[in-house]
Amino acid sequence: MAFRMDMHVHTAETSPCGKVPAADVVALYKQRGYDGIVITDHYFNKFFKDKTLLTWREQMDLYLAGYRAAKAAGDALGLMVLQGMELRFKGASDDFLVYGVDEAFLMDYPRLHLLDLPTVRQIALQHKLMIVQAHPFRSPCRRANPRLLDGSEVFNGNMRHANYNIIARNWAKRNNLLMFSASDAHVRADIGTAAMVFPRAPRDMADLLGMIRAKTFKRNMGQ
């Protein structure tokens, strides 16, 4: 049975630009026939800059509030909720979806936003993480070196931005990158605009990433 997943979802609890509380996000995805979502709340300097007096554990508890609320709601409603992140480095405008992180990893590797993409790439290779550039042609983003990426969004369903999805798809194809389709949901209108469809339910994030690397998925766009 096909398993429909949105790989790029934000919550109001954590993402400053997120407008939908996590429990509502989960309920709306369930209503729209999805089987799972990945919470990719923004991990960037804007979130952390007013929390420097807190311990890293306290900062992470605040950062994970959206994911934890979504996971609890998903468990109650029967929607799989997995953890990811949307990482932006300090002083940059480019966004990277990072899959395979968990709470232990985030504690062991603090302040990733103060590093750079080559450094995080080396960490990702050690931990079998996946790095995907989000909306690579949305202004003011710049394309990263494809050698530092596993994939790229080729369809970003956020209709409030010019994403140039066709150009993004051609760029990803030229550079042999895994091609992702996702809603980039921040408000109710964004929810369910895109998906990736897998042949079965993943056991966990590692299993999901295995299916992605094996290219055993289809992209659904403009749901």
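Located above this text is the structure these notes cover.
Cut-offs and rules
- Residues numbered from 1 in each chain as written.
- Predicted model: local features only at pLDDT ≥ 70, side-chain atom pairs only at ≥ 80, totals over all residues.
- Heavy atoms only, no water.
- Buried < 20%, exposed > 50% of the residue type's maximum accessible area, 1.4 Å probe, protein only.
- Helix = DSSP H or I, 4+ residues; strand = E, 2+ residues; numbered from the N terminus.
- Arc of directions from axis to C-beta.
- Contact = heavy atoms within 4.5 Å.
- Phe/Tyr/Trp six-rings, centres within 6.5 Å; stacked < 30°, edge-to-face > 60°.
- Lys NZ or Arg CZ within 6 Å of the ring centre and 35° of its normal.
- Axes fitted to C-alpha atoms, helices over the stretch in contact; angles between N-to-C directions.
- Parallel < 35°, antiparallel > 145°, perpendicular 65-115°, else oblique.
- Nonpolar A, V, L, I, M, F, W, Y, C, P; charged D, E, K, R; others polar.
- Salt bridge = Lys/Arg side-chain N within 4 Å of Asp/Glu carboxyl O.
- 1 Å grid on protein atoms, 1.4 Å probe; cavity = no way out; pocket = protein on both sides within 12 Å on 5 of 7 lines; lining within 4 Å.
- Points joined across faces, edges and corners; volume = space filled by probe spheres on them.

Peer 1: Whenever I open this one, helix α6 (residues 117-127) confuses me. Can you help?
Peer 2: Of the positions making up α6, those classed as buried are L117, V120, R121, I123 and A124. Each buried residue of α6 sits inside an arc of 165° when the element is viewed along its axis, so together they form one side. For α6, the exposed residues lying more than 90 degrees away from the buried face are L125 and Q126. Where α6 is buried, its residues contact β4 (80-87), β5 (96-99), α5 (103-108) and β6 (130-133). Just past α6, the residue K128 takes up positive phi, approximately 60°.

Peer 1: What is the right way to read the environment of A70 from this model?
Peer 2: If you trace the backbone, A70 turns up in helix α4 (residues 65-77). Taking the relative accessible area as the measure of exposure, A70 reaches 0% and is therefore buried. In this structure, the C-alpha to C-alpha distance between A70 and V38, residues 32 residues apart in sequence, is 9.6 Å. Apart from the residues within four sequence positions on either side, A70 is in contact with A22, V26, I39 and V81.

Peer 1: Where do I start with the packing of aromatic side chains in this structure?
Peer 2: Working definition: an aromatic ring pair is given by the centre-to-centre distance plus the angle between the planes. On inspection of all chains with the given rule, the structure shows 12 aromatic pairs. Note on F48 and W56: the rings are 5.4 Å apart at their centroids and 25° apart in plane angle, and the pair reads as stacked. Measuring from ring centre to ring centre gives 6.3 Å for F48 and Y63, while their planes differ by 25°; the resulting arrangement is stacked. Taken together, the residues span a long stretch of sequence, with F48 in helix α2 (residues 45-48) and Y63 in helix α3 (residues 56-63) at a distance of 15 residues. In terms of burial, F48 and Y63 fall into one category: buried. Cluster of aromatic residues (ring-pair linked, three or more members): Y43, F47, F48, W56 and Y63. When the ring centre of Y34 is taken as origin, the NZ or CZ atom of R4, which lies over that ring, is 4.3 Å away. The ring of F47 has K51 sitting right over it, with the charged end atom 4.0 Å from the ring centre.

Peer 1: Looking at this structure, how should I read the packing of α3 against α4?
Peer 2: Relative orientation and spacing of two packed helices are given, respectively, by the angle between their axes and the distance between those axes. Between α3 and α4, whose axes approach to 4 Å, the crossing angle comes to 50°. Classified by the angle their axes make, α3 and α4 are oblique. For the pair α3 and α4, contact is made by R57, D61, L62 and Y63 and by A65, G66 and R68, respectively. Counted by class, the contact of α3 with α4 contains three nonpolar, one polar and three charged residues.

Peer 1: Sorry if this is basic, but what is going on with the pattern of salt bridges here?
Peer 2: As a working rule, side chains carrying opposite charge can pair if their charged atoms are close by. The tally for this structure, following the rule as stated, stands at 12 salt bridges. Here D95 makes a salt bridge to R88, at a shortest N to O gap of 2.8 Å. The exposure class of R88 is partly exposed, given its relative accessible area of 25%. R203 serves as the salt-bridge partner of D207, at 3.3 Å between the closest nitrogen and oxygen. Taking relative accessible area as the criterion, D207 reaches 9% and is therefore assigned buried. Shared partners join several salt bridges into a network, and the residues in it are D61, R68 and E103.

Peer 1: In this structure, what is going on with empty space enclosed by the protein? I would like to understand it.
Peer 2: To find leftover empty space, one rolls a probe the size of a water molecule over the atoms. Under the criterion given, the structure shown has one cavity of 30 Å³ or more. Each pocket or cavity is described by its volume, and for the largest cavity that value is around 40 Å³.

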